[in-house]
Amino acid sequence: MSFKDRNIWLLMPALLLIGICFLYPVSWLLQRSVSEPVWGLQNYFTIFSKTIYLGVLWNTVAIAGATTILCALIGFPVAYSMVHSSPWVRKILIFSVLIPFWTSILVRSFAWLVILQRGGIINDVLIGVGMMAEPLDLVYNRFGVLLGMVQVLLPFVVFPLFSVMARIDGSFVRAANNLGATPIRAFFRVYLPLCLPGLLTGAMLVFIIALGYFITPALLGGRGDIMIAQLIFERIDEFGDWPLASALAIVLLVGTGLLFLLINALLKIRGGRI
Amino acid sequence: MLFHSEKFWIGLRGVINVLLVVYMLAPLVVTLVISFSSALYLTFPPPGFSLQWYEKMFSNPTWTRTLWTSVKILIPAAILATVFGTAAALALSRMESRWAVAIRGLLMAPLIIPVIITAAAIFGVFRIWGLYGTLSGLVIAHVILTLPFVLSTVSANLAVFDRRLEDAASNCGAPPWTAFRRITLPLISPAVMSGMLFAMVISFDELIVSLFLSTPRVRPVTVQMWSNIKGDTDPTIAAIATVLFLFSLFALLMDGLARRRSGRAPGL
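Residues numbered from 1 in each chain as written. Chains lettered and ligands numbered in written order. Predicted model: local features only at pLDDT ≥ 70, side-chain atom pairs only at ≥ 80, totals over all residues. Heavy atoms only, no water.

A short note on the layout of surface pockets
Thinking step 1. Its volume calculated, the second largest pocket comes out at about 1,100 Å³.
Thinking step 2. In terms of lining residues, the second largest pocket is bounded by 28 residues, among which Tyr80, Val173, Pro183 and Phe187 of chain A together with Trp9 of chain B are the most central.
Thinking step 3. Looking at the lining of the second largest pocket, the elements that each hand over two or more residues are helix H3 (51-83), helix H7 (142-166), helix H8 (171-178) and helix H9 (183-211) of chain A together with helix H1 (6-35) of chain B.
Thinking step 4. Looking at the lining of the second largest pocket residue by residue, the class counts come to 19 nonpolar, six polar and three charged. (1 Å grid on protein atoms, 1.4 Å probe; cavity = no way out; pocket = protein on both sides within 12 Å on 5 of 7 lines; lining within 4 Å. Points joined across faces, edges and corners; volume = space filled by probe spheres on them. Helix = DSSP H or I, 4+ residues; strand = E, 2+ residues; numbered from the N terminus. Nonpolar A, V, L, I, M, F, W, Y, C, P; charged D, E, K, R; others polar.)

Structure (structure tokens):
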């Protein structure tokens, strides 16, 4: 028996499973989005014409975008610090990014509730030391969502950045300094461009994952922070509205897919140059 | 000049490091501490320590039943994902056609596309097939979600695996199965193990697909936690959260040991 024949048998279980129980259901979803209540694109027109759905789409992009920017802004100094710290400090930093990464999002969202709610730790402390008379609204709003989402998604930008920064040759920046560049100029003209592949990969990854987020906004957000994944869940769970939910799912799928292709293309261009 | 002073930058880095550690670990520390609280409500820091929430967790049939349901899902799901994923990784590593790229993409798709889409799609079809609300339905769904992890972990290991070892065994007269069992499998087993560990962790933590597929009769612990957190934040959840956390930590440690033995680099 040749390797070729054996390969087919080795692939069969996984392919059959993914084909029947994943690919088929997703195409079934696609079909429902255009076939009900009658054939046509009316479900898509509904999504892109009604204010409530447009509002949710806008929320999704805005929250994902803000999460991405915050992750990049926080992730950059963190990755830099990881690369340039002593092995011992680096270990602690990697540990503190990795451990939460493998802890359930549900657990972490619960913990943020405990920390942030009106009777939570932060408000207790603020009132206890007399800084505040009234508890602050730290959760069930945009602030809570972003705090929770950035914590969950930060590793996705820190690790690609870390691996890129670790390979940057420090003599480039020193050369720029010796040639008379101010530290700020050397940073923007030399160091940042060298980090860009890692930063872009990480940021795009965060953005894509954030677009489909469900648990964190559902637990830490308010009514005004509903994202597309929650809307899909609600339409199916509460209303059994398959046509609209399917169309929403396909919009999310296409958006995510296009962005994913874009990352791949970016990586290829960058890979050729560096 | 402030920006030119070495001290300023070292200090800034220290501040960033401390803030990061607090931000990333505070939720876990708070959960851990509250789970041992002696208070009857959520308060921090707790007035004293006790194991009451763990007792409540293990004496409450809802929690023990849902925890047990999760275990009944994660064990078969992780085993199936590991077997299917490893087999697929072996096959793909030997294929050189363009098909290999497409097939790998297809098998990795459940990891890339948002889980909510997978969940909605599977729910819709499984209802028609009568798999909704069944243990087997949940197991199948979890295999789909965890298979990509096994596939990528084992594939990464196979990429650095020296095929000549297996060829040598074949040339010495070993039948394919013997060559695989005696040469290939022992060499890739740490990667297979870590794939399986992560499949278990992901299955145990999975919420979204389970939310769609479970009924009050067949309900994993995450779904129960979800409805409790949405209703009222009771310290018992901190105890359950700690159990979930310790499970992930244990898997991570086991993986670290496997990596050390195999000499693979640590990381994701």
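Now that the structure is up, let's keep going.
Here we look at the packing of helix H3 (residues 61-94) of chain B against helix H8 (residues 176-205) of chain B
All names here are of chain B.
Thinking step 1. Contact geometry for H3 and H8: axes closest at 8 Å, N-to-C directions at 140°. For the pair H3 and H8, the sense of crossing is right-handed. For the pair formed by H3 and H8, the contact residues are Leu67, Ser70, Ile73, Leu74, Ala77, Ala78, Thr82, Thr86 and Leu90 on the first element and Phe180, Thr184, Ile188, Val192, Met196, Ala199, Met200, Ser203 and Phe204 on the second.
Thinking step 2. Among the residues making up the contact of H3 with H8, the classes are represented as 13 nonpolar, five polar and no charged. (Axes fitted to C-alpha atoms, helices over the stretch in contact; angles between N-to-C directions. Left-handed = near helix turned anticlockwise from the far one by under 90°. Contact = heavy atoms within 4.5 Å.)

Here we look at the UniProt feature "transmembrane region" (unreviewed entry) in chain B
Thinking step 1. If you check UniProt for "transmembrane region" (unreviewed entry), the listed places come out as residues 20-44, 73-93, 105-129, 135-161, 191-215 and 235-254 of chain B in our numbering.
Thinking step 2. Secondary structure across residues 105-129 of chain B divides into 92% helix and 0% strand, with the first and last C-alpha atoms of the span separated by 26 Å. (UniProt positions renumbered as here; feature names shortened; annotations may be inferred.)

Digging into a nonpolar patch on the surface
Thinking step 1. Together, Ile8, Trp9, Met12, Leu16, Ile20 and Tyr24 of chain A together with Ile128 and Trp129 of chain B make up a nonpolar patch on the protein surface, roughly 860 Å² of accessible area in all.
Thinking step 2. Those elements giving two or more residues to the nonpolar patch turn out to be helix H1 (3-35) of chain A together with helix H5 (115-129) of chain B.
Thinking step 3. It is H1 of chain A that contributes the most residues to the nonpolar patch, six residues altogether. (Patch = residues over 30% accessible without salt bridge, like charges linked within 9 Å, V, L, I, M, F, W, Y side chains within 5 Å. Areas by Shrake-Rupley, 256 points an atom, 1.4 Å probe, with all protein chains shown as cover. Salt bridge = Lys/Arg side-chain N within 4 Å of Asp/Glu carboxyl O.)

Considerations on the UniProt feature "transmembrane region" (unreviewed entry) in chain A
Thinking step 1. Within the UniProt annotation, "transmembrane region" (unreviewed entry) is assigned to residues 7-31, 51-80, 92-115, 143-165, 186-215 and 244-267 of chain A.
Thinking step 2. Across residues 143-165 of chain A one finds 100% helix and 0% strand; the C-alpha atoms that close the span lie 30 Å apart.

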